[in-house]
Structures are given as C-alpha cells and as structure tokens.
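Chain by chain, the residues run as shown.
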Amino acid sequence: MGDFVLNVNGSDVRVNASREETLLSVLRNRLNLTGTKYGCGEGQCGACTVLLEGKATRSCLVPIGSAANSKILTVEGLERDGILSPVQQAFLAQGAFQCGYCTSGMVVRATSLLRENHNPSEEQIVEALEGNICRCGTYPRIVEAVKLAARLQSKGAGR
Ligand code: FES
Ligand code: FES
C-alpha cells in the first residue's frame, strides 16, 4: 500500500492503495466516480476510457502506481458549471445510447478525437471509435452524435 496523488477533473486527490490497483478501481471504488464503467477488465471494450494526460486511455489496464501525479479527466469532469460538453450535449440530442453502458467511454473517446481533429470525417470517427464496443448496436447514432458535437464545438457550445 502507498499514498498516491492524482489530479482528477482538476482537483488533487490523495489515495491510499496498492500500486497494482487499477486506475479504474480507484476511480470507481475509492473516489466514487462511477461514470467510468467496468466492462471487460481486459482492455477490450473501452467502457473504462478516461483521458490520462490528455490521451484516451483504458483505465482498467493502468496500475495506480504508474498514474501517480498525472492529470486524469473522467466523464464527470467534462461538465463545467452545470453545462455539458458539446459531446455530452450531442449524445443526448441524438439519443446515442440504449442501455448506456458504453456511453461514458464513447463520450471520452470522442472528446479526445475532437480535441485532435475539430472536423473529422465519418471514416475518421468510425476509426477512432472502433475499439469501443457497443453491445446495443447504436453505432450509427453515435457517429451522428460525434458529427453534431463537432458542429456544436465549432459554435463554442460548452467546452
Ligand atoms: S473495462 Fe477497460 S477496456 Fe473493457
Ligand atoms: S448503449 Fe448499450 S452498450 Fe452501448
């Protein structure tokens, strides 16, 4: 066990955990940030995606020891002062979910795509999200949501 400091959604937090405990487990079980989901636990589904130092990362594969002193953004951190981010707004507007289990991972992955590419083509959106599994098959609406998010972002909605 050891103390680890993380910057989560803009705030420093200290957690006491084993070095091997996953970032996903720390977020969900110690910091109560349950928006990030446990799907496969093996890096295969993307449900656990967060931004680690700005990069979309599967938190089920990251031991907390290697995430210490890093900046982490979870789906909860995308909303600011009660205003949802453009990607969150777009997923709601397009109804881009059914059970919603994949949604936070999709939203975080789409956020990282739109930070790198403000106007992605449909092919680029599909390629960016292909590692995120939606068992409900809502991919067409998810792709439409990302296109809408790009338009909202260009108009300065949310952040
Ligand atoms: S829970 Fe991490 S990739 Fe599936
Ligand atoms: S909405 Fe159910 S897994 Fe994607």
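Residues numbered from 1 in each chain as written. Chains lettered and ligands numbered in written order. Predicted model: local features only at pLDDT ≥ 70, side-chain atom pairs only at ≥ 80, totals over all residues. Heavy atoms only, no water.

**Section: the packing of helix H5 (residues 122–129) against helix H6 (residues 139–154)**
For any two helices packed against each other, the geometry is given by the interaxial angle and the distance between the axes. Between H5 and H6, the least distance of the axes is 10 Å, while the angle of their chain directions is 120°. In terms of crossing hand, the pair formed by H5 and H6 is right-handed. Taking contact as the criterion, the partners of Glu122, Ile125, Val126 and Leu129 in H5 are, on H6, Ile142, Val143, Val146 and Lys147. Split into classes, the residues belonging to the contact of H5 with H6 amount to 6 nonpolar, no polar and 2 charged. (Axes fitted to C-alpha atoms, helices over the stretch in contact; angles between N-to-C directions. Helix = DSSP H or I, 4+ residues; strand = E, 2+ residues; numbered from the N terminus. Left-handed = near helix turned anticlockwise from the far one by under 90°. Contact = heavy atoms within 4.5 Å. Nonpolar A, V, L, I, M, F, W, Y, C, P; charged D, E, K, R; others polar.)

**Describing the side chain of Ser112**
Summarising the element assignment, Ser112 is placed in helix H4 (residues 103–116). A relative accessible area of 2% places Ser112 in the buried class. Those residues within four positions of Ser112 in sequence are excluded, and the remaining contacts are Leu51 and Ala56. (Buried < 20%, exposed > 50% of the residue type's maximum accessible area, 1.4 Å probe, protein only.)

**Considerations on the layout of surface pockets**
Taken as a whole, the largest pocket encloses approximately 220 Å³ of empty space. Among the elements that take part in the lining of the largest pocket, strand E5 (residues 71–73) stands out by supplying 3 residues, more than any other. In terms of residue class, the lining of the largest pocket is built from 3 nonpolar, 5 polar and 5 charged. (1 Å grid on protein atoms, 1.4 Å probe; cavity = no way out; pocket = protein on both sides within 12 Å on 5 of 7 lines; lining within 4 Å. Points joined across faces, edges and corners; volume = space filled by probe spheres on them.)

**A word on the side chain of Arg109**
Here Arg109 shows up in helix H4. Although Arg109 is buried, it makes no salt bridge; Glu116 carries the closest opposite charge, 5.1 Å away. Sequence-distant contacts of Arg109, defined by excluding residues within four places in its chain, comprise Thr49, Ala56, Ala128, Leu129 and Asn132. (Lys, Arg positive; Asp, Glu negative; His and termini not counted. Salt bridge = Lys/Arg side-chain N within 4 Å of Asp/Glu carboxyl O.)

**Concerning the pattern of salt bridges**
Here the structure, examined in full by the defined rule, presents 3 salt bridges. The closest approach of N and O atoms between Glu144 and Lys147, which form a salt bridge, is 3.1 Å. Here Glu144 pairs with Lys147, and both are found in helix H6, just 3 residues apart, close to one helical turn. Put simply, Glu122, Glu144 and Lys147 are held in one network by salt bridges that share partners.

**Description of the domain arrangement of the protein chain**
Per the domain assignment, the segments of the protein chain are domain 1 (2–75) and domain 2 (86–154). Put simply, the middle of domain 1 and the middle of domain 2, counted by C-alpha atoms, are 21 Å apart. Tallying the contact residues gives 16 residues for domain 1 and 12 residues for domain 2. Of the roughly 1200 Å² buried between domain 1 and domain 2, counting both surfaces, carbon and sulfur atoms make up 57%. (Domains from an automatic or database assignment. Buried area = accessible area lost by both parts, 1.4 Å probe.)

**A closer look at the environment of Gln88**
Looking at where Gln88 falls in the secondary structure, it is placed in helix H3 (residues 86–94). For Gln88, a relative accessible area of 12% translates into the label buried. Note: C-alpha distance between Gln88 and Val146 (58 residues apart in sequence) is 9.5 Å. Not counting residues up to four positions away in its chain, the partners in contact with Gln88 are Val75, Leu78, Glu79 and Val107. Within the structure, Gln88 has its side chain in polar contact with the backbone nitrogen of Ser85 (distance 2.9 Å). (Polar contact = N/O pair within 3.5 Å; in protein donor to acceptor, adjacent residues only side chain to side chain.)

**What about the sheet that holds E5?**
As summarised here, the arrangement of the 5 strands in space is E2-E1-E5-E3-E4, forming an open sheet in which the pairing is mixed. The open sheet has two free edges, formed respectively by strand E2 (11–17) and strand E4 (55–58), since each of these has just one partner strand. With direction set aside, neighbouring strand axes in the sheet form an average angle of 40°. Relative to E5, strand E3 (residues 49–52) runs antiparallel, the two being bridged by 2 bridges. Within E5, the position partnered with Leu52 by the bridge is Ile72. The strands that helix H1 (residues 23–30) touches are strand E1 (2–8), E2, E3 and E5; relative to E2, the one it contacts most, it runs at about 100°. (Pairing = 2+ DSSP bridges.)

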